[in-house]
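# Structural description and commentary
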There are 2 protein chains.
Amino acid sequence: MSIAHSSFYNMLKVPEHQVAGHLAIDGKLGPLVDDSGRFYKPLQGDGRGNKELAFYESFSSDTRVPDHIRKYFPVCYGSQLLEASNGSGLLHHLVLQDIVSSHRNPSIMDVKIGSRTWYPEASDNYIQKCLEKDRRTTTVSLGFRIAGLQLYGGKESGYWRPGRKEVQSFTVYNVRSILRRFVSSNSSIGNENSDCSFAPSIYGGSAGILEQLLELKAWFEDQTIYHFHSCSLLILFDKESVSKGSASVPEIKLIDFAHVVEGKGVIDHNFLGGLCSLIKFVSEVLSDSKESSIKDCVESEKPGICTDNGNCQ
Amino acid sequence: MSIAHSSFYNMLKVPEHQVAGHLAIDGKLGPLVDDSGRFYKPLQGDGRGNKELAFYESFSSDTRVPDHIRKYFPVCYGSQLLEASNGSGLLHHLVLQDIVSSHRNPSIMDVKIGSRTWYPEASDNYIQKCLEKDRRTTTVSLGFRIAGLQLYGGKESGYWRPGRKEVQSFTVYNVRSILRRFVSSNSSIGNENSDCSFAPSIYGGSAGILEQLLELKAWFEDQTIYHFHSCSLLILFDKESVSKGSASVPEIKLIDFAHVVEGKGVIDHNFLGGLCSLIKFVSEVLSDSKESSIKDCVESEKPGICTDNGNCQ
């Protein structure tokens, strides 16, 4: 634990690409970032902050977690006393890797995994509050809900970032449609005929989102260390890099560990079920996009060759 | 639909090996069986019976269900008007394959799968009632609960069939212990040092319980036709046949479909999560039993050969 110098405060700013959670704007308490790729998350006073810090401490030293799984978690650099964004004075902040900083114009989806966001040991009041929201959103029906997103549409259209109320009203139909628009070149608002042209390179391929989700799934079928309640999976990539054909690897990261409890020898069946549901949705977008590519090739007047990634040449 | 003759009634009797659900005893309404291997389940008046009949009708004609999955469901022979077991007169009964009839001294476990037994469309009252029971049992914590069981201990000790109250009070610890006792030769009451000697032949092997569960899991990762709420997985085998080395294949069957709803293009993540949790428990018993067999062989004074199924020769 260290106290930052006042000259350091000036470097802190509100994250540009935060799609869910409390925002450090209008005098409110929220996370901050610096230019060196670190993300400062205020430790909430109700014990949740300390629980998340305790999780990171336990996780980072737990030798049972395989190396290939660690890459799905942000690096944690401990905690630090910092001037809070709401002007309330010095406050402990969790210091994390700023996942987004390595992306220029990131498209981001925050997917809260699990068909329940509460944990068995919670109070009746807390459970009822969560259950009500879980039923109102797609959490119960799909096993996950989109908690926030931004889609980069290009230099002209910029970002589409729906508001909190719109996100909370997403139906199963909306979720399916957003998972398509997320990897489409024509993803501007209101466009129902998403072309899914980036699906083969973002969802597909050996380093794509689907393979990463499957790797995570294999771990969740086996690990009985942690139960990740109300935890989110961030999916992010740079559309511009993909368009230009440069090597940008789409990423997934797990975040928000304030409600992680010990697994006690039982797998996290709640997270695993939701993850499998998301995998099914993503793989459907991918297989649809492959089918339509093949169809395009066949229907094209010029003879076309369908490549492995489903694009026509 | 046919009405049975009165001479036929005489052949109907209370099932000998029913481990959960309503029993047709003391003037109560419950299922009956005959000597030809059929199981007659009264259609409950609150619509549940008709929902279950509708499921069987839809399922049996659904060409999307692969043949290798059908074997995990009882055959349904429609419905029949029969004298009810509670003496209330003629009542529609669902006519099903009597799964247990082909077993002489079956050990049976009824495992209700899923971390919630309610479905999103249910009434608030129904949801609260189910939720309360799901939290009180291992349903929430494990993703499944044992709803009933009988263990055959041999000619002398007969069956151990715990009462409803005892079953409902099973903890995670109890469940783990019962999954071991279920495949042990020394499974009499109170014995904590289960030898798991039948684990390799019942849980293991290419036709064993684990392989069957994995085959079912693969289907649940993909199928979006049905969501099986409050459905049970029966696990059954004949301990005597196993002891004598005769070819008795352990079986799993899904039963109780009064709360099945349409999947609408979403996988049954609730069932799948619970199934994966059960698979983890079963595979742990199996790997423990293999380890202890190897240890026994190594520690034995006589040199022993460990066979593939973990037994010592």
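Per chain, residues are indexed from 1 in the order of the written sequence. For naming, the first written chain is A and the first written ligand is 1, with later ones following in the order written. With pLDDT at 70 or above as the cut-off, local features in this predicted model cover only qualifying residues; side-chain atom pairs require 80 or more to be listed or tallied, and sums for whole chains, interfaces and linings still use all residues. Each side-chain value is worked out from all heavy atoms of the structure, with water and hydrogens disregarded.

Identification of chain A as Inositol polyphosphate multikinase from Gossypium tomentosum is taken from an unreviewed UniProt entry. UniProt positions are given in the numbering used here, feature names are shortened, and annotations may be inferred rather than shown by experiment. UniProt's Function (unreviewed entry) comment on chain A is quoted here verbatim: "Inositol phosphate kinase with a broad substrate specificity." Recorded in UniProt for chain A, the comment headed Sequence similarities (unreviewed entry) runs: "Belongs to the inositol phosphokinase (IPK) family."

A word on the pattern of salt bridges. All names here are of chain B. The working definition used for a salt bridge is a side-chain nitrogen of Lys or Arg within 4 Å of a carboxyl oxygen of Asp or Glu. Throughout the structure, instances matching the rule amount to 32 salt bridges over all chains. Of the charged contacts in the structure, one is a salt bridge between glutamate 215 and lysine 71, with a shortest N-O distance of 2.9 Å. Of this pair, glutamate 215 sits in helix H9 (residues 209-220) while lysine 71 is found in the loop between helix H3 (67-70) and strand E4 (76-83), placing the two residues 144 residues apart along the sequence. Of the charged contacts in the structure, one is a salt bridge between arginine 136 and glutamate 132, with a shortest N-O distance of 3.0 Å. In this pair, arginine 136 and glutamate 132 are both assigned in helix H4 (residues 124-136), four residues apart and thus about one turn of the helix distant. Note on exposure labels: buried denotes an accessible area under 20% of the residue type's maximum, exposed denotes more than 50%, and partly exposed covers the range between, all computed with a 1.4 Å probe on protein chains only. Among the residues examined, arginine 136 registers a relative accessible area of 45% and is labelled partly exposed. Per the convention used, a helix needs a DSSP run of H or I reaching at least four residues, while a strand needs a run of E reaching at least two, with both numbered from the N terminus.

For the rest of this paragraph, the subject is the interface of chain B and chain A. The criterion used for residue contact is that any of the two residues' heavy atoms lie within 4.5 Å. Across the boundary between the two partners, chain B contributes 33 residues, which contact 33 residues of chain A. Overall, the association of chain B and chain A removes approximately 2400 Å² of surface from exposure, summing both partners, and the carbon and sulfur fraction of that is 56%. Its salt-bridge partner being lysine 217 of chain B, residue glutamate 221 of chain A comes within 2.7 Å of it at the nearest N-O pair. We call two N or O atoms a polar contact when they sit within 3.5 Å, provided that within protein one can donate a hydrogen and the other can accept it, with sequence-adjacent residues counted only if both atoms are side-chain atoms. Counting the contacts that link chain B with chain A gives 15 residue pairs in polar contact (both at pLDDT 80 or more). The greatest single-element share of the side of chain B that touches chain A, amounting to eight residues, is contributed by helix H11 (residues 269-299) of chain B. For this scheme, ten residues count as nonpolar: Ala, Val, Leu, Ile, Met, Phe, Trp, Tyr, Cys and Pro. Four count as charged, namely Asp, Glu, Lys and Arg, and the remainder, Gly too, count as polar. In terms of residue class, the side of chain B that touches chain A is built from 13 nonpolar, eleven polar and nine charged. Values labelled buried area give the accessible surface lost by two parts on being combined, using a 1.4 Å probe and summing over both.

Here we come to helix H4 (residues 124-136) of chain A. Taking 1.5 Å of rise per residue, the 13 residues of H4 of chain A would be expected to cover 18 Å, and the 18 Å separating its terminal C-alpha atoms lies within 8% of that figure. Every buried residue of H4 of chain A is listed here: Ile127, Cys130, Leu131 and Asp134 of chain A. The arc that holds the buried residues of H4 of chain A, viewed along the axis, is 105°, so those residues lie on one side. Those residues of H4 of chain A that are exposed and aimed more than 90 degrees away from the buried face are Asn125 and Lys129 of chain A. Where the residues of H4 of chain A are buried, they touch helix H5 (139-142) and strand E7 (144-152) of chain A together with H4 of chain B. Given a helix with a known number of residues, its expected span is that number minus one, times 1.5 Å. Throughout, the arc means the angular range of directions from the helix axis out to the C-beta atoms.

Let us now look at the side chain of aspartate 62 of chain B. Its place among the elements puts aspartate 62 of chain B in the loop between helix H2 (48-60) and H3. Leave out the neighbours within four places in its chain, and aspartate 62 of chain B touches Arg70, Ile225 and Tyr226 of chain B.

Residues and elements named next belong to chain A. Relative to the elements of secondary structure, tyrosine 226 occurs in strand E9 (residues 226-228). Classification of tyrosine 226 by relative accessible area gives buried; the value is 6%. Residues tyrosine 226 and lysine 264, 38 residues apart in the sequence, show an inter-C-alpha distance of 7.8 Å. Excluding anything up to four places from it in sequence, tyrosine 226 contacts Phe55, Ser58, Phe59, Asp62, Val65, Val260, Val261, Gly263 and Asp268. At a separation of 2.8 Å, a polar atom in the side chain of tyrosine 226 contacts the side chain of serine 58.

With that settled, the discussion passes to the pairing of strand E11 (residues 251-255) of chain A. All names here are of chain A. Judged by how many residues are buried, E11 sits mostly within the fold: five of five residues are covered. In E11, alternate side chains face the same way, and those of Glu251, Lys253 and Ile255 on one face and Ile252 and Leu254 on the other are all buried. For two strands to pair, DSSP has to find at least two bridges joining them. Note that strand E10 (residues 232-238) and E11 share five bridges and pair antiparallel. Directly across from leucine 233, in E11, lies its bridge partner leucine 254.

Glancing now at the sheet that holds E11 of chain A. Residues and elements named next belong to chain A. Sheet architecture is open: five strands sit in the order E8-E7-E6-E10-E11, paired in antiparallel fashion. Each edge of the open sheet carries a strand with a single partner, namely strand E8 (159-160) and E11. Note that strand E6 (residues 106-113) and E7 share six bridges and pair antiparallel. Paired with valine 111 across the two strands is isoleucine 146, which belongs to E7.

One turn of an α-helix holds 3.6 residues; hence residues three or four places apart share an orientation. Residues and elements named next belong to chain B. With 13 residues, H2 extends 18 Å between its outermost C-alpha atoms, agreeing within 8% with the 18 Å of an ideal straight helix rising 1.5 Å per residue. Those residues of H2 that sit buried are Gly49, Glu52, Leu53, Phe55, Tyr56 and Phe59. Seen end-on, H2 carries its buried residues on one side only, within an arc spanning 155°. The elements touched by buried residues of H2 are strand E3 (38-42), H3, E4, strand E5 (90-97), strand E9 (226-228) and strand E12 (260-262).

All names here are of chain A. Counting through the fold element by element, isoleucine 294 comes out in helix H11 (residues 269-299). Owing to a relative accessible area of 47%, isoleucine 294 belongs among the partly exposed residues under this scheme. For the pair isoleucine 294 and leucine 151, spaced 143 residues apart in sequence, the C-alpha to C-alpha distance is 26 Å.

What follows covers the domain arrangement of chain A. Residue and element names in this part refer to chain A. Per the annotation, domain bounds derive from an automatic or database assignment of domains. According to the domain assignment, chain A contains domain 1 (32-97) and domain 2 (106-292). Using only C-alpha atoms to locate each centre, domain 1 and domain 2 end up separated by 22 Å. Between domain 1 and domain 2, a total of about 1700 Å² is buried, with carbon and sulfur atoms accounting for 62% of that surface. Of all residues in domain 1, Lys51, Phe55 and Tyr72 bury the most surface against domain 2, accounting for 38% of the area lost on that side. Between the two partners, domain 1 and domain 2, sit two salt bridges. In this structure, lysine 41 and aspartate 256 form a salt bridge, with 2.9 Å as the shortest nitrogen-oxygen distance. The interface formed by domain 1 and domain 2 holds eight residue pairs in polar contact (both at pLDDT 80 or more) in total.

Here we take up the packing of H4 of chain A against H4 of chain B. When two helices pack together, their arrangement is given by the angle between the helix axes and by the axis-to-axis distance. Axis lines are fitted through C-alpha atoms, for helices just across the contact stretch, and the angle between N-to-C directions can take any value from 0 to 180 degrees. For the pair H4 of chain A and H4 of chain B, the least separation of the axes is 13 Å and the interaxial angle reads 125°. For the element pair H4 of chain A / H4 of chain B, the angle class is oblique. You can see that H4 of chain A and H4 of chain B cross each other, and the crossing is right-handed. Contacts between H4 of chain A and H4 of chain B involve Asp124, Ile127, Gln128, Leu131 and Arg135 of chain A from the former and Asp124, Ile127, Gln128, Leu131 and Arg135 of chain B from the latter. Just so you know how the angles are binned, under 35 degrees is roughly parallel, over 145 roughly antiparallel, 65 to 115 roughly perpendicular, and the rest oblique. Take the far helix as the reference: if the near one is turned anticlockwise from it by less than a right angle, the crossing is left-handed, and if turned clockwise, right-handed.

The next point concerns the packing of aromatic side chains. We call Phe, Tyr and Trp rings a pair once their centres come within 6.5 Å, taking the six-membered ring for Trp, and we label the pair stacked below 30 degrees between planes, edge-to-face above 60, and tilted otherwise. Overall, the coordinates contain 44 aromatic pairs over all chains when judged by the stated rule. Ring centres 5.3 Å apart and planes at 80° place the aromatic pair tyrosine 56 of chain A and phenylalanine 257 of chain A in the edge-to-face group. Here the residue tyrosine 56 of chain A occupies a position in helix H2 (residues 48-60), and phenylalanine 257 of chain A occupies one in the loop between E11 and strand E12 (260-262), the gap between them amounting to 201 residues. By the burial criterion, tyrosine 56 of chain A is buried, and phenylalanine 257 of chain A matches it. Look at phenylalanine 59 of chain B and tyrosine 226 of chain B: their rings are 6.2 Å apart centre to centre, the planes differ by 45°, and that puts the pair in the tilted class. You can see phenylalanine 59 of chain B sitting in helix H2 and its partner tyrosine 226 of chain B sitting in strand E9, a full 167 residues away along the chain.

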